[in-house]
Amino acid sequence: MIGELEIRESAPGDMAGIVELYVEAFPDEDLVPLVRGLLALGREVISLVGIRENAIAGHISFTLCRVEEAAEKVALLAPLAVAPGLQKQGVGSELVRAGFAHLERAGIGSIFVLGDPGYYSRFGFRAEDKVATPYPLPADWRGAWQSLKLRDAKAPLAGRLSVPKPWRNAALWA
Ligand SMILES: CC(C)(COP(=O)(O)OP(=O)(O)OC[C@H]1O[C@@H](n2cnc3c(N)ncnc32)[C@H](O)[C@@H]1OP(=O)(O)O)[C@@H](O)C(=O)NCCC(=O)NCCS
């Protein structure tokens, strides 16, 4: 188990720490432009940091989007990162669950994620085949596209996920 972890919405002053976190957690992938783009979206993004001993232990972002022209807003979970020295201590799980609580308060019913089912299935994510990713996925990634319904989920959704500009980059989906 982890010690004290405070989870709160990120603030502009957290940017340097969030950037450092992504550089360390993803040494082979540059997610910094995506993260900067998402944090500039304002209310379209729910961005949470986990703080432990006055330092950023983890970060998670949910982008609010729509499935084609459907009125219902949905959320795209990503990215998620935990500081390398603090992984496997529950920080990522706490951030995911805190995010769910934020989304429920905002009336969001469906969450989508492109990630390892070995990790995300523990939260209830299951393979998604009605709502398509904004760009085609490589065949061996199909099982990585998952969704989860929260309390306020409405009618089943079908179509292509429509994402804001920082996500309109085919390289993020390939
Ligand atoms: C993936 C990540 C966010 C998980 O956060 P975390 O705080 O380490 O994870 P938690 O402590 O909540 O959960 C730990 C469990 O997840 C598993 N896990 C951790 N990373 C995993 C991964 N990439 N794939 C599958 N399972 C993973 C652990 O084996 C552990 O399983 P157990 O409970 O059965 O022992 C974190 O390890 C990380 O930032 N990794 C580097 C960046 C990354 O790969 N991000 C992917 C999300 S976009």
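Note that the coordinates shown come from a computational prediction; the quantities given were computed from them, not determined experimentally.

> Where do I start with the overall build of the chain in this structure?
When helices and strands are tallied, the chain shows four helices and nine strands. Counting helices and strands in the order they occur from the N terminus, the chain gives β-α-α-β-β-β-α-β-α-β-β-β-β. Taken against the 2.2 N^0.38 rule, which gives 16 Å for 174 residues, the C-alpha radius of gyration of the chain at 15 Å falls within 12% of a compact globule. Considered along the principal axes of its C-alpha atoms, the chain spans approximately 45 × 35 × 30 Å. A buried classification covers 45% of the 174 residues belonging to the chain. Contacts in the chain between residues at least 24 apart in sequence constitute 70% of all its contacts with a sequence separation of at least 6.

> Mind showing me how you'd approach the site of the ligand here?
Neighbouring the ligand are 17 residues, the closest being Val-82, Lys-88, Gly-90, Gly-92 and Ser-93. In the environment of the ligand, an oxygen atom lies 2.6 Å from a nitrogen or oxygen atom belonging to the backbone of Gly-90. Between the ligand and Gly-92, the relevant distance is 2.7 Å, taken from an oxygen atom to a main-chain nitrogen or oxygen of the residue. In the complex, 65% of the free accessible area of the ligand, which totals 850 Å², lies under the protein chains. Secondary structure elements with two or more residues in the shell around the ligand: strand E4 (73-82), helix H3 (91-105) and helix H4 (117-120). A breakdown of the residues in the shell around the ligand according to their chemical character gives eight nonpolar, six polar and three charged.

> Help me out: how do you make sense of the nonpolar core in this one?
Taken as a class, soluble globular proteins show a tendency for nonpolar side chains to be buried jointly. Within the largest apolar cluster, 27 residues are counted, with the highest numbers of intra-cluster contacts made by Tyr-22, Leu-76, Phe-112, Trp-145, Leu-161 and Trp-167. Where this core is concerned, the elements lending two or more residues are helix H1 (15-25), helix H2 (32-39), strand E2 (45-52), strand E3 (55-67) and E4. With four residues, E4 is the largest single contributor of residues to this core. Setting aside residues up to four positions removed in sequence, Trp-167 forms contacts with Leu-34, Leu-38, Thr-63, Leu-76, Ala-78, Tyr-135, Leu-172 and Trp-173.

> Mind showing me how you'd approach H2 here?
An α-helical turn contains 3.6 residues, so a residue and the one three or four places further along point in the same direction. Inspection of H2 places Val-32, Leu-34, Val-35 and Leu-38 among the buried residues, and these make up the whole buried set. For H2, the angular spread of the buried residues around the axis is 160°, confining them to a single face. Those residues of H2 that are buried lie in contact with H1, E2, E3 and E4.

> Could you clarify how one ought to interpret the side chain of Ser-61 in this entry?
Position of Ser-61 among the secondary structure elements: in strand E3. Ser-61 gets classed as buried once you look at its relative accessible area, which sits at 1%. Ignoring anything within four residues of it in the chain, the contact list for Ser-61 reads Leu-38, Val-45, Ile-46, Ser-47, Leu-76, Leu-77, Ala-78 and Pro-79.

> In this structure, what is going on with H3? I would like to understand it.
For H3, with 15 residues, the first-to-last C-alpha span of 21 Å sits near the 21 Å given by 1.5 Å per residue. Those residues of H3 lying buried are Val-91, Gly-92, Ser-93, Leu-95, Val-96, Gly-99, Phe-100, His-102 and Leu-103. Backbone geometry just after H3 places Gly-107 at a positive phi near 80°.

> What is the right way to look at unusual backbone geometry in this model?
For residues other than glycine, phi is negative in most cases, and the peptide bonds are mostly trans. Residues Ala-78 and Pro-79 are joined by a peptide bond in cis, for which omega reads -10°. Following the sequence through the fold, Pro-79 ends up in strand E4. Look at Asn-54: it is not a glycine, yet its phi comes out positive at around 65°. Among the secondary structure elements, Asn-54 is positioned in the loop between E2 and E3.

Cut-offs and rules
Residues numbered from 1 in each chain as written. Predicted model: local features only at pLDDT ≥ 70, side-chain atom pairs only at ≥ 80, totals over all residues. Heavy atoms only, no water. Helix = DSSP H or I, 4+ residues; strand = E, 2+ residues; numbered from the N terminus. Rg over C-alpha atoms; globule rule 2.2 N^0.38 Å. Buried < 20%, exposed > 50% of the residue type's maximum accessible area, 1.4 Å probe, protein only. Contact = heavy atoms within 4.5 Å. Near = heavy atom within 4 Å. Polar contact = N/O pair within 3.5 Å; in protein donor to acceptor, adjacent residues only side chain to side chain. Areas by Shrake-Rupley, 256 points an atom, 1.4 Å probe, with all protein chains shown as cover. Nonpolar A, V, L, I, M, F, W, Y, C, P; charged D, E, K, R; others polar. Core = buried A, V, L, I, M, F, W, Y, C linked by side-chain atoms within 4.5 Å. Arc of directions from axis to C-beta. Expected span 1.5 Å × (residues − 1).

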